[in-house]
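Single-letter residue listing:
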Amino acid sequence: MAVGKTAAKLGSAAGAVASVSEKPVSEITKPIAIILFGSPGSGKGTQSKYLVEWLKIPQISTGDMLREHIRQGDAIGLAIMDRMRAGSLVSDELVNQLVFERISQPDANKGFILDGYPRTPAQAEEMMRLLAARGAGEVVIHLVVDYNIIISRMSGRRVCPVCGTLYNAVSRPPKIEGICDLEGAALVIRDDDREDVVRERLAQYERQTRPLIEFFRATSDRLIEVDASREKPDAVFERIKRELRGVLGQGRVSA
Ligand code: ADP
């Protein structure tokens, strides 16, 4: 297995981040890839949105891209529908291709936030190739959350079918129970948030994705691990910002 080779690439890509001069993110020509890593329900989507606003680089969520294909009912959507509904991962080839196309868009020139990718060793290896080809350096942010907290968070999750806003009975309740604050629409449980599906997604995470963190731990000196169990999302984000300033250099990110 080519872990050694990939590790070397990972190391050099990480080193490249450190060597960039201390300028605001907007002035940096070398793209930054922020990889948000954590189990389903760890808050990757929420933290991505904060990061988008702060760093002014786009979020690339493979889950959102795949759901969009299903919504459109196109060939890709039809091909992946059953696997997604069952909580299984879709093929590495497909997500690798989607990510490749997305990071080639002009709005990803300065960098991007990867949310939900990579999820398997094969995806991690392809990602390192893609980042090397783009000359991008990576920072991995691991959101660490206790298993039981994940289950209780995800079972309380509801989504607005109109605008996609996520709510949670405990951490982010709507003003009126069961109703979207923005659209007034009745909230629904996302298909893959049903309890049996949640357990399958967590099982897949344990089997296929969690081992990647050992790989990142062993090979990257740009790995930030944040306890995302206890505090509210904005407090977690404050800690991420502090850590990112340390890793990227104080002057490279605005206050
Ligand atoms: P979560 O992180 O809460 O599981 P996502 O929106 O990231 O939610 O993913 C939802 C589903 O989309 C996954 O269960 C899987 O079926 C599919 N998916 C998303 N990203 C990937 C990926 N990188 N590789 C394979 N399947 C993926």
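Residues numbered from 1 in each chain as written. Predicted model: local features only at pLDDT ≥ 70, side-chain atom pairs only at ≥ 80, totals over all residues. Heavy atoms only, no water.

A. Representation of the site of the ligand in the model. Around the ligand there are 20 residues in total, and Thr62, Arg67, Ser88, Gln123 and Arg201 lie nearest to it. Interatomic distance of 3.2 Å between a side-chain N/O atom of Lys44 and an oxygen atom of the ligand. Residue Arg67 places a side-chain N or O atom 2.9 Å away from an oxygen atom belonging to the ligand. Examining the composition of the shell around the ligand, we find that 4 residues originate from one element, helix H3 (residues 62-72), more than from any other. Its residues assigned to classes, the shell around the ligand shows 7 nonpolar, 6 polar and 7 charged. (Near = heavy atom within 4 Å. Polar contact = N/O pair within 3.5 Å; in protein donor to acceptor, adjacent residues only side chain to side chain. Helix = DSSP H or I, 4+ residues; strand = E, 2+ residues; numbered from the N terminus. Nonpolar A, V, L, I, M, F, W, Y, C, P; charged D, E, K, R; others polar.)

B. A look at the packing of helix H7 (residues 147-155) against helix H8 (residues 195-209). Relative to each other, H7 and H8 sit at 145°, their axes nearing to 10 Å. In the crossing of H7 with H8, the sense of the turn from one axis to the other is right-handed. The segment H7 lies against H8, with Tyr147, Ile150, Ile151 and Met154 engaging Val198, Arg199, Arg201 and Leu202. Broken down by class, the residue content of the contact of H7 with H8 amounts to 6 nonpolar, no polar and 2 charged. (Axes fitted to C-alpha atoms, helices over the stretch in contact; angles between N-to-C directions. Left-handed = near helix turned anticlockwise from the far one by under 90°. Contact = heavy atoms within 4.5 Å.)

C. Helix H5 (residues 92-103), seen in detail. Across its 12 residues, H5 extends 16 Å between first and last C-alpha, which sits within 8% of the 16 Å expected from 1.5 Å per residue. When we look at burial in H5, the residues that qualify are Leu94, Val95, Asn96, Leu98, Val99, Arg102 and Ile103. Summarising the contacts, the buried residues of H5 are in contact with strand E2 (59-61), H3, helix H4 (75-86), strand E3 (111-115) and helix H6 (121-134). (Expected span 1.5 Å × (residues − 1). Buried < 20%, exposed > 50% of the residue type's maximum accessible area, 1.4 Å probe, protein only.)

D. Representation of unusual backbone geometry within the structure. Omega for the bond connecting Tyr117 with Pro118 falls within 30 degrees of zero, at 0°, which places this linkage in the cis form. One non-glycine residue, Lys56, lies in the positive phi region at around 55°. The topology assignment puts Lys56 in the loop between helix H2 (44-55) and E2.

E. Summary view of the pairing of strand E4 (residues 137-144). Taking burial as the measure, the 8 residues of E4 include 7 buried ones, the bulk of the element. Strand direction decides the pairing type here: strand E1 (residues 32-37) and E4, joined by 6 bridges, are parallel. Directly across from Ala33, in E4, lies its bridge partner Glu138. Relative to strand E7 (residues 223-227), E4 runs parallel, the two sharing 5 bridges. When the sheet's bridge partners are listed, Ile141 is paired in E7 with Ile224. (Pairing = 2+ DSSP bridges.)

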